Protein chains: 2
Amino acid sequence: MKKEINPWSNELVKDYDYLFQDFGMQRIGPDLRAKLGEHRLYRRGIVFGHRDADVFVAAALAGKPTAVMTGIKPSGEFHLGSKMTAEQIIHLQKQFGSTVFYAIADVESYADNGLRFEDSHQNAVDNVADLLALGLDPKKTVFYKQSENMHVANLASIFARKTTLNTLEALYGHQNLSLYLAVLTQAGDILAPQLDVFGGPKNVLVPVGVDQDPHIRFTRDLAPKFKEELGLLTPSATFHRFFRALSGQTKMSKRDPLSMMTLNDDEALLKKKLANALTGGRATAEEQRRIGAEPDKCVVFELMQFHFYDDDKDLAEMEADCRSGKLLCGECKAIRLKHIRAFYKKHQGKKAKLRAKAEKLLEVPIGFRKRK
Amino acid sequence: MKKEINPWSNELVKDYDYLFQDFGMQRIGPDLRAKLGEHRLYRRGIVFGHRDADVFVAAALAGKPTAVMTGIKPSGEFHLGSKMTAEQIIHLQKQFGSTVFYAIADVESYADNGLRFEDSHQNAVDNVADLLALGLDPKKTVFYKQSENMHVANLASIFARKTTLNTLEALYGHQNLSLYLAVLTQAGDILAPQLDVFGGPKNVLVPVGVDQDPHIRFTRDLAPKFKEELGLLTPSATFHRFFRALSGQTKMSKRDPLSMMTLNDDEALLKKKLANALTGGRATAEEQRRIGAEPDKCVVFELMQFHFYDDDKDLAEMEADCRSGKLLCGECKAIRLKHIRAFYKKHQGKKAKLRAKAEKLLEVPIGFRKRK
């Protein structure tokens with residue numbers, strides 16, 4: 001059995017097969033894909049694995065209330081990984097009418113990065129403005145800060161009662177107390193949408209990167225232990241592949257600002273980041289013209305595939321021009337930059353108009369229990 | 001070095017000397033006692049140890065704002081141990097004008113006893129009514145439920161960052177995650193009064209039973225680590241001796257209802273509990289008349305000493321009548337019962353009138369951060 005994946009590392013995991021073979025993850029097959037609805041993330045196999053997503057879909061299609069849960073650490077700007085998950089939850093919200101629970105994980109930011117709540121607030125507003133600009137419907141979304149959602153903190157305490165240190169050590173290795181507590185808090189985030197104050201037990205889908213699977217398994221094991229007490233249903237999940245850092249060497253990471261694009265990047269920065277991105281180009285222009293380049297190695301190709309080309313025709317053309325040697329990498333990058341810039345211009349324009357709304361959405365702590 | 005005290009056991013610790021010899025606890029000497037002000041708990045050496053209580057007193061006497069922090073698990077009725085601590089904090093409030101922070105530890109009740117928040121609410125109201133009847137000034141008290149005080153939960157998360165599992169294991173032995181989390185939450189309770197939202201850094205005194213010393217030491221070690229970030233001052237503590245269970249064999253414990261008196265006991269129950277209480281009596285009445293009984297062994301004597309006789313003359317008379325053999329234990333118990341009943345009648349009368357006020361005090365969650 002392969003060694004467990006480490007959700008806190010930025011090591012690039014290339015082989016996910018063991019998750020299906022040894023850890024019971026399921027592949028998204030044609031049937032489920034059809035039910036999830038048309039989206040490039042499913043079509044291109046970027047979101048490729050799941051646990052009980054079919055159960056979630058069946059509940060939604062049967063007209064039951066459902067929820068989608070995700071979140072962000074407000075430690076910086078919205079990067080492309082966050083954008084990808086955002087696009088998926090927006091699609092799920094439209095497809096199934098699910099309520100989105102969006103956690104601003106400021107407690108985690110404080111615990112991990114020492115970022116005080118006052119300081120993470122402006123990041124949180126900026127992140128929420130991105131979500132709104134991408135199309136998230138605030139009327140069907142519960143935005144909350146971990147530092148203000150007592151329900152999540154209380155669940156973490158309650159869950160600790162049925163969690164052994166041995167379980168955590170088996171899942172995560174010997175880690176510090178802060179990380180173990182973060183695991184309990186994340187379980188609280190995932191299961192809180194089923195509390196009475198949020199409408200009671202329901203099917204919840206959590207779209208995550210494949211590295212987060214240990215958290216998902218932990219939470220799925222926990223829910224049945226509180227079936228009687230809280231009526232919790234086992235949550236479902238989908239898993240997406242990693243987008244590589246622009247260098248091609250690691251996962252994208254907030255810890256390395258040049259490793260990724262953020263939705264706030266200006267034209268100069270976009271240009272610089274793209275110029276430095278790893279390609280599948282050959283040693284010389286002559287060689288590339290002659291035998292073509294390798295899109296499978298190219299981060300720019302992945303960038304367009306994951307994030308910026310919705311139309312498969314655009315992607316196919318890019319691939320063909322690469323393989324044939326018709327375009328050199330510099331020429332190719334110039335074309336993609338133009339496309340990316342157009343997206344940014346539109347997005348940043350929308351976002352500027354939505355900032356005040358984002359500010360307002362984070363003004364009032366939500367969901368505090370009203371006593372009868 | 002003697003084995004660490006276990007704060008979660010109801011084992012009766014009889015020998016505290018090692019705490020002074022090996023763990024740096026200080027005895028309350030005549031100077032400090034004089035400054036603390038006249039109270040039977042100090043005068044009779046029931047509150048006998050401290051850590052930096054002199055620092056707290058000096059700050060208070062210098063006119064600086066101070067706080068006193070304590071709390072209760074709302075898992076049942078107010079028992080005599082809670083009454084004793086209540087009397088001490090009321091005295092401190094009057095003596096030094098300190099703000100009292102009173103935690104209703106409902107998260108701990110849920111985690112330890114599975115008592116849901118809805119169910120512990122009525123206990124909490126009842127406990128607060130007792131506090132008001134005993135004389136706690138609600139205008140200088142912050143009552144809060146752990147389940148509603150986000151500041152405490154957030155501190156627990158922040159503290160986890162600078163707490164190793166090894167530290168906790170050294171202090172408490174190998175315990176489960178829930179207890180470790182409870183330790184962090186208690187540190188949050190103790191240090192929260194110093195947050196900006198509660199007026200910023202200040203000297204805080206925590207009156208506890210001597211078995212709680214590991215929590216105090218843990219919290220005192222933690223505070224300086226957040227000196228720069230949160231400006232936390234190291235908290236002070238006083239320590240009181242245990243009152244024995246009425247059987248004389250263990251600590252008083254909520255887990256054993258007949259082991260203790262609660263402030264809700266009716267006359268019949270008081271009589272029954274007192275009848276069953278361990279005394280220092282002899283094998284026969286004849287022997288007791290002849291050589292007298294042993295007040296040092298008698299729980300009823302301790303009951304009057306700790307809880308019900310404020311006047312040393314009453315206690316001295318009780319002791320003399322016991323040692324001389326003048327009173328047999330049955331006769332003695334009848335006299336004490338009369339005195340205790342008088343206290344209960346007065347207390348329960350006051351309390352009935354204060355219940356609505358207690359309900360109101362717990363209506364609104366306190367201290368949520370207002371954003372600027």
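Conventions and cut-offs
Residues numbered from 1 in each chain as written. Chains lettered and ligands numbered in written order. Predicted model: local features only at pLDDT ≥ 70, side-chain atom pairs only at ≥ 80, totals over all residues. Heavy atoms only, no water. Pairing = 2+ DSSP bridges. Helix = DSSP H or I, 4+ residues; strand = E, 2+ residues; numbered from the N terminus. Contact = heavy atoms within 4.5 Å. Axes fitted to C-alpha atoms, helices over the stretch in contact; angles between N-to-C directions. Salt bridge = Lys/Arg side-chain N within 4 Å of Asp/Glu carboxyl O. Polar contact = N/O pair within 3.5 Å; in protein donor to acceptor, adjacent residues only side chain to side chain. Nonpolar A, V, L, I, M, F, W, Y, C, P; charged D, E, K, R; others polar. Core = buried A, V, L, I, M, F, W, Y, C linked by side-chain atoms within 4.5 Å. Buried < 20%, exposed > 50% of the residue type's maximum accessible area, 1.4 Å probe, protein only. Least-squares fit on C-alpha atoms with pLDDT ≥ 70 in both. Arc of directions from axis to C-beta. Expected span 1.5 Å × (residues − 1).

Residue and element names in this part refer to chain A. Reading across the sheet, the seven strands line up as β1-β2-β7-β6-β3-β4-β5 and stay open at both edges, with mixed pairing between neighbours. Both outer strands of the open sheet, β1 (26–27) and β5 (141–145), are each paired with one neighbouring strand and no more. By the bridge criterion, four bridges tie strand β2 (residues 47–51) to strand β7 (residues 236–240) in an arrangement that is antiparallel. Considered in β7, the bridge of G49 is made with F239. In this fold helix α5 (residues 80–96) packs onto β2, β3 (66–72), β4 (99–104), β5, β6 (203–209) and β7, with an angle of close to 165° to the strand it touches most, β3.

The next point concerns the interface of chain A and chain B. In this complex, chain A contributes 39 residues to the contact, which on the side of chain B involves 39 residues. Summed over the shared surface of chain A and chain B, the number is zero salt bridges. If you look at where chain A meets chain B, you find eight residue pairs in polar contact (both at pLDDT 80 or more). Going through the elements one at a time, α6 (106–113), α7 (117–134), α8 (150–160), α9 (165–172), α10 (177–191) and α12 (227–230) of chain A are the ones with two or more residues in the side of chain A that touches chain B. A per-element tally of the side of chain A that touches chain B places α8(A) first, with seven residues. Class assignment of the residues belonging to the side of chain A that touches chain B gives a composition of 18 nonpolar, eleven polar and ten charged.

By size, the foremost hydrophobic cluster in this structure holds 102 residues, and its most contacted members are F159(A), L184(A), F218(A), F159(B), L184(B) and F218(B). If we skip the residues at most four places from it in the chain, L184(B) touches L177(A), L181(A), A156(B), F159(B), A160(B), T163(B) and F218(B).

Here the focus is the relation of the copies chain A and chain B. Under the fitted operation, chain A is carried onto chain B by 0.0 Å of movement along the axis and a turn of 180°, and the coordinates agree to an RMSD of 0.0 Å. Such a combination of turn and shift is consistent with a two-fold rotation axis. A shared interface surface links the copies, since 100% of the contact residues of chain A are contact residues in chain B too.

This part covers α9(A). For α9(A), the full list of buried residues reads L165(A), L168(A), L171(A) and Y172(A). Looking straight down α9(A), one finds that the buried residues subtend no more than 130° of arc, so they occupy a single side. Exposed and oriented more than 90 degrees from the buried face of α9(A) are N166(A) and A170(A). Structurally, α9(A) contributes buried residues whose contacts are with α10 and α11 (213–222) of chain A together with α9 (165–172) and α10 (177–191) of chain B.

Let us look at the environment of V152(B). All names here are of chain B. Counting through the fold element by element, V152 comes out in helix α8 (residues 150–160). Its relative accessible area of 2% is what places V152 among the buried residues. For the pair V152 and A170, spaced 18 residues apart in sequence, the C-alpha to C-alpha distance is 24 Å. Excluding its chain neighbours within four sequence positions, the residues that come into contact with V152 are Y144, T185, G188, D189 and A192.

Time to look at the pattern of salt bridges. All names here are of chain B. All told, the structure shown has 50 salt bridges over all chains when counted by the stated rule. For the salt bridge of R40 with D310, the shortest nitrogen-to-oxygen distance reads 3.0 Å. Here R40 is found in helix α3 (residues 40–43), whereas its partner D310 is found in the loop between α15 (299–308) and α16 (312–323), with 270 residues between them in sequence. The exposure class assigned to R40 is buried, which follows from its relative accessible area of 2%.

Checked against the element boundaries, H39(A) lands in the loop between α2 (30–36) and α3 (40–43). Separated by 219 residues in the primary sequence, H39(A) and L258(A) have C-alpha atoms spaced 28 Å apart.

This paragraph deals with α16(B). Residues and elements named next belong to chain B. Here α16 contains twelve residues, and its C-alpha end-to-end distance of 16 Å stays within 8% of the 16 Å for a straight helix at 1.5 Å per residue. Within α16, burial applies to L315, M318, D321 and C322. End-on view of α16: buried residues confined to an arc of 130°, all on one side of the axis. Exposed and oriented more than 90 degrees from the buried face of α16 are K313 and E317. Packing partners of the buried residues in α16 comprise α15 and α17 (329–361). Regarding α16, its N-cap is D311, as a side-chain oxygen of that residue lies 2.9 Å from the backbone nitrogen of K313 further along.

Remember, this is a structural readout, not a statement about activity or role.
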